Amino acid sequence: MPKTKTPVTLLVVGAGSRGAGYARYAASHPDLARVTGVAEPRAPYRDALAAAHAIPAEQVFADWRAAAARPRLADAVIIATQDRMHTEPALAFAARGYHILLEKPMAPTPDECRRIARAVAGAGIIFAVCHVMRYTQYTRALKAVLDSGRIGEIVSLQHIEPVGYWHQAHSFVRGNWRNTAESSCMLLAKCCHDLDWIRYLIGAPCAKVSSFGNLKHFRPENQPAGAAGRCLDCPVEAQCPYSAIRIYLGRLRKGQTCWPVNVLTTDLTEAGVTRALREGPYGRCVYKCDNDVVDHQVVNMQFANGATAAMTMTAFAEGGRRTRIFGARGELAGDSVSLTCRDFLTDATETIPIDRLDTSILGGHGGGDFGLMRAFVAAVSAGSADGLLSGPAETCESHMMVFAAEQSRLDSRVVEMREFPFD
């Protein structure tokens, strides 16, 4: 009889929305993966993940350093801490021989990205950053069309990341990624996904970038007359599209207790969420926060093969990325769930079928979370990174595109990629 494979064991560092989400892969596929440790400073989140995965008390930690100081607890570590807390644990766990799945962005500075890439390469471990857009069935279908040559050589690409009006308010005005000094710039926090994905589709290094953007709307001078500092106290709250009462209590009253509601508190009752809105950051008026990240930005890219790309990030839309790719023989258009291809020779337009993964568990990002976890666990189990769609060098390269674009925005100039080497 063939030998049964032992499940890959996982240590989760950071038990917030992303860490707990990735851990659910193990709960749904216990034959493939098992969570054997958790490190999280917030007791409610730490205890919830420990209980969900029956983690023994001696492998539950309030600080990742305590976990790293112990003999190796798992085959791999999922690092899902805040953006500015990635580098130290990544270096420490790499040195201890853990395979690493690192939440995006890789790190908040070019030097830290390069340090991580060198460290994991030197340690000889399996390493992936959570660029989940590469792992959706939609991307798989899109890439297959491009690789088939159906639209010929890519000449240009247009991509829009409509963050979503309420998502911007939640994550980038009231939430953890609102302030550059505390987290990172908007482009790194939200769109390193997108620039990495564009680089993946173009298939050539980026040569130069330019970028423009600013914080236009979510500013104190745009607060409506008579508005209060918190939505619970605001006499004009009902007329505000960014009302925290509607975004959070509205969802809760419909029975929705997942993200974004579960970010506010572990007490997912109306009283618990109301208390969080009264006392915590998510109940603040969007015009009276300490946010400074941009709410819209455009990035123009020229690649080494002559292709060009333009990406727009905007808060002021409903969510759902959209892309058009213009080739020498045809055009491809997609909206993250469907694809259409136009052939210039025949003038025919075809809808491309997209297979659906079972996304009932870990279905975030169009099934990309599931696809990433499946690939990472399989890579660790096999002892080979062949099934992963990017490694440290590629990830470091696409991050440098982000840093170059932000430098362009700040300096109002075209930035050559040679200013941001990735190795």
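Residues numbered from 1 in each chain as written. Predicted model: local features only at pLDDT ≥ 70, side-chain atom pairs only at ≥ 80, totals over all residues. Heavy atoms only, no water.

Enquirer: Any chance you could break down the overall build of the chain for me, citing the residues and the numbers?
Expert: Assigned secondary structure in the chain consists of 13 helices and 15 strands. Dimensions of the chain, computed from C-alpha atoms along their principal axes, come out at roughly 70 × 60 × 40 Å. Within the chain, buried positions represent 54% of all 423 residues. Put simply, of all contacts in the chain between residues at least 6 apart along the chain, 71% involve residues at least 24 apart. (Helix = DSSP H or I, 4+ residues; strand = E, 2+ residues; numbered from the N terminus. Buried < 20%, exposed > 50% of the residue type's maximum accessible area, 1.4 Å probe, protein only. Contact = heavy atoms within 4.5 Å.)

Enquirer: Can you explain the pairing of strand S2 (residues 33-39)? Please cite residues and give values.
Expert: Counting buried residues in S2 gives 6 out of 7 residues, a clear majority hidden from the surface. Where strand S1 (residues 8-13) and S2 come together, 6 bridges link them in parallel fashion. Looking at S2, one finds that Val-8 is bridged to Ala-33. With helix H1 (residues 17-28) bridging S1 and its parallel neighbour S2, the resulting β-α-β unit is right-handed. For S2 and strand S3 (residues 60-61), the ladder comprises 2 bridges, and the chain directions are parallel. From the neighbouring strand, Val-38 faces S3, where its bridge partner is Val-60. Each parallel crossover has a hand, and the one from S2 via helix H2 (residues 43-52) to S3 is right-handed. (Pairing = 2+ DSSP bridges. Right-handed = clockwise from strand over helix to strand, strands pointing away.)

Enquirer: So what's going on with the sheet that holds S3? Residues and values would help.
Expert: Spatial ordering of the open sheet is given by S3-S2-S1-S4-S5-S6, a layout of 6 strands whose pairing is parallel. In this open sheet, the two strands that pair with only one neighbour each are S3 and strand S6 (127-129). Strand contacts of helix H12 (residues 368-382): S1, S2, strand S4 (76-79), strand S5 (99-102) and S6, with the helix running at about 170° to S5, the strand carrying the most contacts. (Axes fitted to C-alpha atoms, helices over the stretch in contact; angles between N-to-C directions.)

Enquirer: An account of the pattern of salt bridges is requested, with residue identities and associated values reported.
Expert: A full pass over the atoms with the stated rule returns 27 salt bridges. Asp-196 serves as the salt-bridge partner of Arg-134, at 2.7 Å between the closest nitrogen and oxygen. Of the two residues, Arg-134 is situated in the loop between S6 and helix H6 (137-148) and Asp-196 in helix H8 (residues 186-202); the sequence distance between them amounts to 62 residues. Since its relative accessible area comes to 0%, Asp-196 is described here as buried. Several salt bridges share partner residues, and in doing so they unite Glu-161, Lys-190, Asp-194 and Arg-321 into one network. (Salt bridge = Lys/Arg side-chain N within 4 Å of Asp/Glu carboxyl O.)

Enquirer: Residue-level account of the sheet that holds strand S11 (residues 322-327), with values.
Expert: Spatially, S14-S13-S12-S11-S7-S10-S9-S8-S15 is the arrangement adopted by the 9 strands of the open sheet, whose pairing is mixed. Taken across any chain shown, the strands that pair with only one partner, and hence form the sheet edges, are strand S14 (349-352) and strand S15 (415-416). The sheet contact formed by strand S12 (residues 330-334) and strand S13 (residues 339-343) spans 5 bridges and is antiparallel. Considered in S13, the bridge of Gly-330 is made with Asp-343. Sheet strands in contact with H8 are strand S7 (154-162), strand S9 (296-303), strand S10 (308-314) and S11, and its direction is about 155° off that of S7. Strand contacts of helix H13 (residues 392-411): strand S8 (206-214), S9 and S15, with the helix running at about 50° to S8, the strand carrying the most contacts.

Enquirer: Pulling in residues and values, what's your account of the packing of aromatic side chains?
Expert: Following the criterion strictly, the structure yields 11 aromatic pairs and no others. Judged by centre distance (5.5 Å) and plane angle (50°), the ring pair of Trp-166 and Trp-259 falls under tilted. One end of the pair, Trp-166, is in helix H7 (residues 165-173); the other, Trp-259, is in the loop between helix H9 (244-253) and helix H10 (261-264), with 93 residues separating them in the sequence. The class of Trp-166 is buried, set by a relative accessible area of 14%. With a relative accessible area of 34%, Trp-259 lands in the partly exposed category. Their ring planes at 25° and their centres at 6.4 Å tell us that Phe-218 and Tyr-287 sit as a pair that is stacked. With Phe-218 in the loop between S8 and H9 and Tyr-287 in the loop between helix H11 (270-279) and S9, this residue pair connects regions lying 69 residues apart in the sequence. A connected cluster of aromatic rings, assembled from ring pairs, spans Tyr-165, Phe-218, Tyr-242, Tyr-287 and Phe-316. In this structure, Arg-42 is placed above the aromatic ring of Tyr-45, and the distance from its NZ or CZ to the ring centre is 4.1 Å. Over the aromatic face of Tyr-98 sits the side chain of Arg-72, whose NZ or CZ is 5.6 Å from the ring centroid. (Phe/Tyr/Trp six-rings, centres within 6.5 Å; stacked < 30°, edge-to-face > 60°. Lys NZ or Arg CZ within 6 Å of the ring centre and 35° of its normal.)

Enquirer: Would you mind going over helix H4 (residues 87-95) in detail, with residue names and values included?
Expert: The complete set of buried residues in H4 reads Thr-87, Pro-89, Ala-90, Ala-92, Phe-93 and Ala-94. Buried residues along H4 sit against S1, helix H3 (64-69), S4, S5 and helix H5 (110-123).

Enquirer: Could you give an account of the side chain of Thr-395, naming the residues involved and the relevant values?
Expert: Structurally, Thr-395 can be placed in helix H13. Taking relative accessible area as the criterion, Thr-395 reaches 0% and is therefore assigned buried. Residues in contact with Thr-395, not counting those within four places in the same chain, are Met-106, Val-129, His-131 and Ser-390.

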